[in-house]
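Residue-level structure breakdown
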Amino acid sequence: MIIRGRFVGDAPYFAAHVRVGQFEGVVWLLADTGASRTTLLDRDVSRLGIPPAALEPASLPMIGVGGSVRSFVLRDVKLTFVSDEGETVLQQDVWVAQHDLDRLPAEEVARILRIPSVMGRDLINRFRLICDYRSGTMQLERQ
Amino acid sequence: MMNEGVIEELRTFEEDQVWISDHIESLLGRYTDQWVAVQGGQIVASDPALDALWQKLPDPAHTCVEFVTREPLEMIL
């Protein structure tokens, strides 16, 4: 089974349909082997209409190069990808990173909102990952 | 059972993401520093403020949305 991603510029992405409780929609996930958890960022959380009340605070802190952010967990999220078999459905927890946008200057908020959601190792490592920018090949495989 | 609707939606969403990247120069001429919403390779809404853009969209959760800007941004996630 093969899930094919796409390069946009030099960055590898996968399109995924997410469903959690009453919320569902499509997201563009940056494949990020540096991220331990698949994580939705501010723009997508807002776009999907997931309210703060639906977010369960994570038991572990989340930190990146830019510092720490508020972290939450969405339990048992159904993630659907297009594959060569039609569709592939995974179910797993997905993390949510929330910046405190109300306390930041507008230009910084705009930059933060540009950050894509990421596909982390918790998902990537369920597959064999092929990332070959020079040939334009980006895919997740498993037998 | 296969969900053809979801598969088609994912393919369209992916094409829209790539479309923005492929057309970024022409988009910069008209939508600099604005959020744009794209469906089926067409701009369906734009606004400098993301919250305002949501109000213009009937279904943001199923719409490709990106920021059009000349500001370079290096990302180390």
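Residues numbered from 1 in each chain as written. Chains lettered and ligands numbered in written order. Predicted model: local features only at pLDDT ≥ 70, side-chain atom pairs only at ≥ 80, totals over all residues. Heavy atoms only, no water.

Across its full length, chain B carries three helices and three strands. Taken from N to C terminus, the helices and strands of chain B fall in the order α-α-β-β-α-β. Expressed along its principal axes, the backbone C-alpha trace of chain B runs to roughly 45 × 30 × 25 Å. Expressed as a percentage of its 77 residues, the buried residues of chain B come to 47%. (Helix = DSSP H or I, 4+ residues; strand = E, 2+ residues; numbered from the N terminus. Buried < 20%, exposed > 50% of the residue type's maximum accessible area, 1.4 Å probe, protein only.)

The interface is formed by 32 residues belonging to chain A together with 32 residues belonging to chain B. Around 2,800 Å² of area is buried between chain A and chain B when both sides are counted, 65% of it from carbon and sulfur atoms. Inspection of the region where chain A meets chain B yields five salt bridges. The tally of links between chain A and chain B comes to 13 residue pairs in polar contact (both at pLDDT 80 or more). Elements represented by at least two residues in the side of chain A that touches chain B include exactly strand 2 (6-8), strand 3 (11-20), strand 4 (23-31), helix 1 (42-47), strand 8 (67-83), strand 9 (86-98) and helix 2 (106-113) of chain A. In the side of chain A that touches chain B, the residues fall into 16 nonpolar, six polar and ten charged. (Contact = heavy atoms within 4.5 Å. Buried area = accessible area lost by both parts, 1.4 Å probe. Salt bridge = Lys/Arg side-chain N within 4 Å of Asp/Glu carboxyl O. Polar contact = N/O pair within 3.5 Å; in protein donor to acceptor, adjacent residues only side chain to side chain. Nonpolar A, V, L, I, M, F, W, Y, C, P; charged D, E, K, R; others polar.)

Turning next to the pattern of salt bridges. Under the criterion given, the structure shown has ten salt bridges over all chains. One salt bridge connects Glu-66 of chain B with Arg-43 of chain A, and the closest N-O pair in it is separated by 3.2 Å. Of this pair, Glu-66 of chain B sits in strand 3 (residues 64-68) while Arg-43 of chain A sits in helix 1, placing the two residues on different chains. Residue Glu-66 of chain B shares its accessibility class with Arg-43 of chain A, and that shared class is buried. Look at the salt bridges and you will find they share partners, linking Arg-6 of chain A together with Glu-14 and Glu-15 of chain B into a network.

Residue and element names in this part refer to chain B. Summarising burial for strand 3: five of the five residues are buried, a large majority. Burial of strand 3 is two-sided: the residues Cys-64, Glu-66 and Val-68 facing one way and the residues Val-65 and Phe-67 facing the other way are all buried. Across five bridges, the pairing between strand 1 (residues 34-39) and strand 3 is antiparallel. The partner of Ala-37 across the bridge, within strand 3, is Val-65. (Pairing = 2+ DSSP bridges.)

Glancing now at the environment of His-17 of chain A. Assignment of secondary structure puts His-17 of chain A in strand 3. Looking at His-17 of chain A, the relative accessible area reads 5%, which means it is buried. Spatially, the C-alpha atom of His-17 of chain A lies 10.0 Å from that of Val-77 of chain A, the residues being 60 residues apart in sequence. Beyond its immediate chain neighbours, meaning those up to four positions away, His-17 of chain A contacts Glu-24, Gly-25, Val-26, Lys-78, Leu-79 and Thr-80 of chain A together with Val-6, Glu-9, Leu-10 and His-62 of chain B. At 2.7 Å, the side chain of His-17 of chain A and the side chain of Glu-24 of chain A are in polar contact.

Right, let's talk about unusual backbone geometry for a bit. With a phi close to 50°, Asp-76 of chain A is a non-glycine residue in the positive phi region. You can see Asp-76 of chain A is positioned in strand 8. Positive phi is not limited to glycine here, since Asp-33 of chain B has a value of about 60°.

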